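Here are the chains, one letter per residue:
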Amino acid sequence: MIDIRSLVLVVNCGSSSVKFGVFSGTNREPLLSALAENLGQPESRLVVKEKGEKTEMSLDGGSHDVALQKLLGILDQKGWLSSIVAVGHRMVHGGERFSASTLITDEILREMDALSNLAPLHNPANILGVRTAIAALPNVPHAAVFDTAFHTTMPQAAFTYAVPQDCYRNLGVRRYGFHGTSHRFVAAEAVELLGLDPNDHGLVIAHLGNGASATAVLNGKSVDTSMGFTPLEGLVMGTRSGDIDPGALFHIAREDGLTIDELDTLLNRKSGLLGLSGLSNDCRTLENAEKEGHEGAKLALEVFVHRLARYIGGLATSLHRLDAVIFTGGIGENSATMRQRTIDRLSVLGLKLDAEANGQMFGGRCGVITAKDSKVAAAAIATNEEWMISHDTLEAVAASTAA
């Protein structure tokens, strides 16, 4: 039963886009979701999805505040605006300061702002969303849910870089990990799906999309992950390089005369699947192009799988045993081909694919994709980061009320 008297608005604010979701209580499906994109540009627009139907409207070049006001106007027309009891915000980086979701106060907002130097591409946009939403909805509590929080349980050996420790003590240079909200949700779902003991299990979760990361989860806690100081480290991604020898970067910079900012652009926006293929950062496009004989697409997908399988094997060494490998995210949930290729590479760990089951997992379907005699299970599980933010927001409000 859906109760529209108690709604949570979820805001995921980027530099030129904002994702919204409206959730009712513990219901995992949003009553309404929306994407504002190309903000600040003439083609800025808001796409609203409700009950499977999409509605698109122009924002006339407006930015974040215009998008939020447009959405609030829609909620007001539905009679939902007065039912919003809290707003949950995605925050990419919480540093070592934030190990859990928290209600936002003026002091908390200042602390989050101070962490922007650790995530200059993400945190300022996230904070802009917070300030915009607080201005529009000043009389309801707002909560911050941090991507990095799930990974604060990593041991020191896993998060420490082999550089002079003044870099850590003075500059905060260490491995933080990201996609934590997704990994936390999927880890709990995997325990239920596979009937594992919540207090005695080992998982490697691969969140695969335009951004991609893999995490070792021991008894529900992150103990190692592929992303590091920034979301650039680790797996091959849509436009990000993932791991690369720093010496190669010195060579590129010297030979091509690139500045630090130009190297940043090269690694974050021109590399990954896009750079390898010379065609696209979209896995579906590359799978189709490979079938048509495109060599760049073939290479890009092979490198993606090679790096992923290698990371899964390495992350398994942070566990007492490996019960299952879990695939999630846009690619992980929908690409049977990429799951099959990865599991084939993991046969050394005892994984054996059930091709029929694997072929059925797409579009939000969840289930086991390995054969009954596979020594290690594998499954596809749809993530739900927006609901997790809503859930955490309600818990933060309840804890504050109880206190």
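Cut-offs and rules
- Residues numbered from 1 in each chain as written.
- Predicted model: local features only at pLDDT ≥ 70, side-chain atom pairs only at ≥ 80, totals over all residues.
- Heavy atoms only, no water.
- Domains from an automatic or database assignment.
- Contact = heavy atoms within 4.5 Å.
- Buried area = accessible area lost by both parts, 1.4 Å probe.
- Salt bridge = Lys/Arg side-chain N within 4 Å of Asp/Glu carboxyl O.
- Polar contact = N/O pair within 3.5 Å; in protein donor to acceptor, adjacent residues only side chain to side chain.
- Nonpolar A, V, L, I, M, F, W, Y, C, P; charged D, E, K, R; others polar.
- Buried < 20%, exposed > 50% of the residue type's maximum accessible area, 1.4 Å probe, protein only.
- Helix = DSSP H or I, 4+ residues; strand = E, 2+ residues; numbered from the N terminus.
- Pairing = 2+ DSSP bridges.

When you look at the domain arrangement of the chain in this model, what are you seeing that I'm missing?
Much of the literature gives interface size as the accessible area that the parts lose upon coming together. Each assigned domain of the chain is listed with its residue range as follows: domain 1 (7–146) and domain 2 (197–385). Measuring from the centre of the C-alpha atoms in domain 1 to the corresponding centre in domain 2 gives 28 Å. Between domain 1 and domain 2, the contact holds five residues from the first and five residues from the second. In this assembly, domain 1 packs against domain 2 so that about 440 Å² is buried in total across both faces, 49% of it on carbon and sulfur atoms. Per-residue buried area on domain 1 facing domain 2 is highest for Leu-118, Leu-121 and His-122; these three make up 63% of the total on that side. At the surface where domain 1 touches domain 2, the tally comes to zero salt bridges. At the junction of domain 1 with domain 2, the criterion picks out one residue pair in polar contact (both at pLDDT 80 or more). Considering only residue class, the side of domain 1 that touches domain 2 consists of two nonpolar, two polar and one charged.

How should the pairing of strand 9 (residues 202–208) be read in this particular structure?
Along any regular strand, the residues point their side chains to alternate faces of the sheet. Counting buried positions along strand 9 yields seven of seven residues, so the element is predominantly enclosed. By the alternation rule, side chains of strand 9 split into Gly-202, Val-204, Ala-206 and Leu-208 and Leu-203, Ile-205 and His-207, which are all buried. Taken together, the seven bridges between strand 9 and strand 10 (residues 212–218) define a ladder with antiparallel strand orientation. Counterpart to Leu-203 in the pairing with strand 10 is Val-217. Here strand 9 folds back onto strand 10 in antiparallel fashion, the turn holding three residues. Sheet topology note: the strand 9/strand 12 (residues 324–328) ladder contains five bridges and is parallel. Looking across to strand 12, one finds that Leu-203 is bridged to Ala-324.

Could you clarify how one ought to interpret the side chain of Thr-225 in this entry?
Assignment of secondary structure puts Thr-225 in strand 11 (residues 221–225). One polar contact links the side chain of Thr-225 to the main-chain carbonyl oxygen of Ala-214, over a distance of 3.0 Å. Look past the residues within four positions of Thr-225 in its chain and what remains in contact with it is His-151, Met-154, Arg-175, Gly-177, Ala-214, Thr-215 and Leu-315.

Just checking my understanding: could you explain the pattern of salt bridges for this structure?
Throughout the structure, instances matching the rule amount to 19 salt bridges. Glu-189 is paired through a salt bridge with Arg-28; the nearest N and O atoms lie 2.9 Å apart. Of this pair, Glu-189 sits in helix 6 (residues 180–194) while Arg-28 sits in the loop between strand 2 (18–24) and strand 3 (32–37), and the two are 161 residues apart along the sequence. Overall, Arg-28 belongs to the partly exposed group, its relative accessible area being 34%. A network of salt bridges, in which partner residues are shared, links Glu-37, Arg-45 and Glu-56.

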